[in-house]
Amino acid sequence: MSDTFVGIENENEFFTQHYLAAILSGDLKQTQQQWRDTAAAAGAGYRTPPNALANTHTEYFRYHERIERLKKSDERSDAHRAIFTTLLSALGYSPQPEYVECAEGVVQLLGAVRRSDGAPFLYIIAAVSDAEGEEATLSTPLPLWAPGAVAGEAVAGVATAGADTEDHQMVEAETLVSALFHADEAPRFILVCGVTDIYLLERGKWPEKRLLRFHLDEILGRREAATLDVVAALLHRECLAPDSGDTLVDTLDDRSHKHAFEVSEDLKYALQASIERLGNAAVIHIREVQKKKVFGRDIADQLSRECLTYMYRLLFLFYIEARPELGYAPMGSDAYRLGYSLDRLRDLEIVDLQSEEARHGTYLNDSLTLLFRMLHDGARPAAQQDLTASYTHSFELTPLRTHLFDPKRTPMLSSVPFANEVWRDIIEWMSLTRTRSTSRGRFARRGRISYATLGINQLGAVYEALLSYRGFFAETDLFEVKAAKDKEHDVLKTAYFVPEDDIEQYTDDERVYESDGVNLKRYPRGTFIYRLAGRDRQTSASYYTPEVLTRCVVRYALKELLENEDGSPKKSADEILDVT
């Protein structure tokens, strides 16, 4: 469920999770204000959509108690349709039963919304299980009549008589939904009304099984104002299926994609800056303290790989600690959370390291080194000496024997005791959004990136982008330049550098300046630079594959192993796991 709106489940990211949890409420303020203005103008008898929905709770829970006692399927179906007629009326609909044809047969609808030309826009399906006490879901079998088996004409928009005929088959709701979305005249949206849930399905998102699920027990039981506002805005007829104009869901979807892009971009900038910061700190230590030569393409490539590995370690930790439900990071243990976790170090992101000792100390580096080693080697509670002792403050980490945390993969960086100021900057960049100017010329407040609400596709986009970059050393003092048409310099785009002798050949619009707007962006000889590097990623065949494609590949690959044409199993689970 959404951490913010209890009762709303964002399955497979109908909206990006970060948008739903952190941004959606703000984008709905205008809609909610319009409802309040209408209520003020209409007087005491008018209820806003959230209030009208909340007022159905008594009737809903009476139905809930009743349907659990009903034995006959027709009684259960009648009760189910009656309560959802009430709920849908509160959401602005006037449901009238009708029947529509699709390739599979004739489907019974609880109601529909059509455009002025009669084309379907939204279908409503009632899904109630025949079995007493069985939860109705998208897997619930529903009746499907063969064409011509229903008395009367089974055509869109015409209520057909004789639908209680026995000449039907039971088909899963999911199959009916797919058939309706693939019809010649397909609706844009489908609402599936289960016994305790409403599912919002959209034609473009359905192939990826991206949907919103509204748990009515939670929503109408708690009646939290913020949740009711969101439910009403997402499901109300004038928002989801208006008579004209764009739907509110489309507007929110556009904003969701835009925000997901912005968060991904923020992380790309953070990681690019972090790799340069980490790489140059390593170069200085190796050159000045270890007295080793640090130059050349081979060393630059190794340094790039190791810095990238460190950044992926941090990304992994930020994500896994923010998602304790995944069952790895023991965030429920105070000993881990307060003593070892990366999350506790995020609190130091805004600390002003004033003293020399604070800036150049190695507390953050020592903490991260210990944490990386614990993840690679694992951690178990100390042997219990006193049988009366408690394990309250103990925790366990399963060893992650992967290349990511293998210290042998980062010999260069593992030998460097990075200063606190280096890690403080990196953790800050990876924890907070970038500074942005507002329309009034001011700077918007930086927000904290919530890794718990980041989708896997957003992290994948960041991962793939970094594969396009490479590191190199400035062989002489370099100045950065750009195309004159580019109003602002963007470090994520292809970079151009010229030696000092050539900088005079470039106009002021082509030169890149420091943030002070006065000094030119200069890279002294030996500086480690990490920038976009043409076709390095393409020639290495390194790509991030979106989740929808990996699901498809895995599904059909396993299907070949799981069952024969007659449905009998081909291989056991153990045999499949042994496949190489």
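As the structure is a computational prediction, the values presented were derived from the model and not from experiment.

**Notes on the pattern of salt bridges**
- Tallied over the entire structure, the rule returns 23 salt bridges.
- For Arg188, the salt bridge goes to Glu202, with nearest N and O atoms at 2.6 Å. On the criterion of sequence distance, the pair formed by Arg188 in the loop between helix H7 (173–181) and strand E8 (189–193) and Glu202 in strand E9 (residues 197–202) is long-range, its members being 14 residues apart. The two residues Arg188 and Glu202 agree in class, both being buried.
- Between Arg222 and Glu224 there is a salt bridge whose closest N-O contact spans 3.8 Å.
- For Arg222, a relative accessible area of 47% gives the class partly exposed.
- One connected set of salt bridges, linked through shared partners, spans Glu11, Asp197 and Arg213.

**What about the sheet that holds strand E3 (residues 105–109)?**
- Strand order across the open sheet formed by 4 strands is E2-E3-E6-E7, with antiparallel pairing between neighbours. Looking at strand neighbours, the two that pair on one side only are strand E2 (98–102) and strand E7 (168–172), the edges of this open sheet. Strand-to-strand, the axes of this sheet are offset by a mean angle of 45 degrees, without reference to chain direction.
- Where E3 meets strand E6 (residues 141–145), 2 bridges bridge the pair, whose relative direction is antiparallel.

**Thoughts on the packing of aromatic side chains**
- Taken as a whole and assessed by the stated rule, the structure comprises 16 aromatic pairs.
- Here Tyr336 and Phe395 contribute two aromatic rings whose centre-to-centre distance is 5.4 Å and whose plane-to-plane angle is 70 degrees, an arrangement assigned as edge-to-face. Residue Tyr336 is found in helix H13 (residues 334–339), and its partner Phe395 is found in the loop between helix H16 (363–377) and helix H17 (411–414); the two are separated by 59 residues along the sequence. Here Tyr336 matches Phe395 in class, with each residue buried.
- Judged by centre distance (5.8 Å) and plane angle (70 degrees), the rings of Phe472 and Phe497 are edge-to-face. In this pair, Phe472 is assigned in strand E13 (residues 469–473) and Phe497 in strand E15 (residues 496–499), connecting sequence segments 25 residues apart.
- Cluster of aromatic residues (ring-pair linked, three or more members): Tyr310, Phe316, Phe372, Phe405, Phe418 and Trp423.
- Here Lys209 stacks its cationic end above the ring of Trp206, 4.6 Å away from the centre of that ring.
- For the cation-ring pair, Arg313 lies above Phe372, with the distance from its terminal atom to the ring centre recorded as 5.0 Å.

**Here we look at the packing of H16 against helix H18 (residues 420–431)**
- Between H16 and H18, whose axes approach to 7 Å, the crossing angle comes to 65 degrees. It follows that H16 is roughly perpendicular to H18 by the angle criterion. Across the interface between the two elements, Tyr363, Leu364, Asn365 and Leu368 of H16 pack against Asn420, Trp423 and Arg424 of H18.
- Classifying every residue of the contact of H16 with H18 gives 4 nonpolar, 2 polar and 1 charged.

**Details of empty space enclosed by the protein**
- Applying the stated criterion to the full structure yields 1 cavity of 30 Å³ or more.
- What the largest cavity holds in volume is close to 40 Å³.
- Taken together, Leu53, Leu87, Leu91, Ile198, Phe214, Leu216, Val231 and Leu235 form the lining of the largest cavity.
- Looking at side-chain class alone, the lining of the largest cavity contains 8 nonpolar, no polar and no charged residues.

**Quick word on H16**
- Here H16 is 15 residues long and its end C-alpha atoms lie 21 Å apart, about the 21 Å a rise of 1.5 Å per residue gives.
- Restricting attention to buried positions, one finds in H16 the residues Leu364, Asn365, Ser367, Leu368, Leu371, Phe372, Met374, Leu375 and His376.
- On its buried face, H16 is in contact with helix H12 (297–322), H13, helix H14 (342–346) and H18.
- Positive backbone phi, approximately 90 degrees, marks Gly378, located one or two places after H16.

**Remarks on the packing of H12 against helix H19 (residues 456–466)**
- Close contact between H12 and H19 brings their axes to 12 Å; oriented N to C, the two are set at 175 degrees. Put simply, H12 runs roughly antiparallel to H19. Within the contact between the two elements, H12 uses Leu308, Tyr312, Leu315 and Tyr319 and H19 uses Leu459, Tyr463 and Leu466.

**Considering the environment of Ala329**
- If you trace the backbone, Ala329 turns up in the loop between H12 and H13.
- Beyond its immediate stretch of four places on either side in the chain, Ala329 contacts Ile320, Glu321 and Tyr336.

**Describing the sheet that holds strand E1 (residues 8–11)**
- The 6 strands lie next to each other as E1-E10-E9-E8-E5-E4, forming an open sheet whose pairing is mixed. Pairing within the sheet leaves two strands with one partner each, and these edge strands are E1 and strand E4 (111–114). Neighbouring strand axes in the sheet, compared pairwise and without regard to direction, differ in orientation by 15 degrees on average.
- Alignment of strand E5 (residues 120–126) against E8, held across 5 bridges, turns out to be parallel. Counterpart to Ile124 in the pairing with E8 is Leu191.
- Against the sheet, H7 makes contact with E5, E8 and E9, and its axis sits at roughly 160 degrees relative to E8, the strand it touches most.

Calculation rules
Residues numbered from 1 in each chain as written. Predicted model: local features only at pLDDT ≥ 70, side-chain atom pairs only at ≥ 80, totals over all residues. Heavy atoms only, no water. Salt bridge = Lys/Arg side-chain N within 4 Å of Asp/Glu carboxyl O. Helix = DSSP H or I, 4+ residues; strand = E, 2+ residues; numbered from the N terminus. Buried < 20%, exposed > 50% of the residue type's maximum accessible area, 1.4 Å probe, protein only. Pairing = 2+ DSSP bridges. Axes fitted to C-alpha atoms, helices over the stretch in contact; angles between N-to-C directions. Phe/Tyr/Trp six-rings, centres within 6.5 Å; stacked < 30°, edge-to-face > 60°. Lys NZ or Arg CZ within 6 Å of the ring centre and 35° of its normal. Parallel < 35°, antiparallel > 145°, perpendicular 65-115°, else oblique. Contact = heavy atoms within 4.5 Å. Nonpolar A, V, L, I, M, F, W, Y, C, P; charged D, E, K, R; others polar. 1 Å grid on protein atoms, 1.4 Å probe; cavity = no way out; pocket = protein on both sides within 12 Å on 5 of 7 lines; lining within 4 Å. Points joined across faces, edges and corners; volume = space filled by probe spheres on them. Expected span 1.5 Å × (residues − 1).

Shape is all these values report; function is a separate question.
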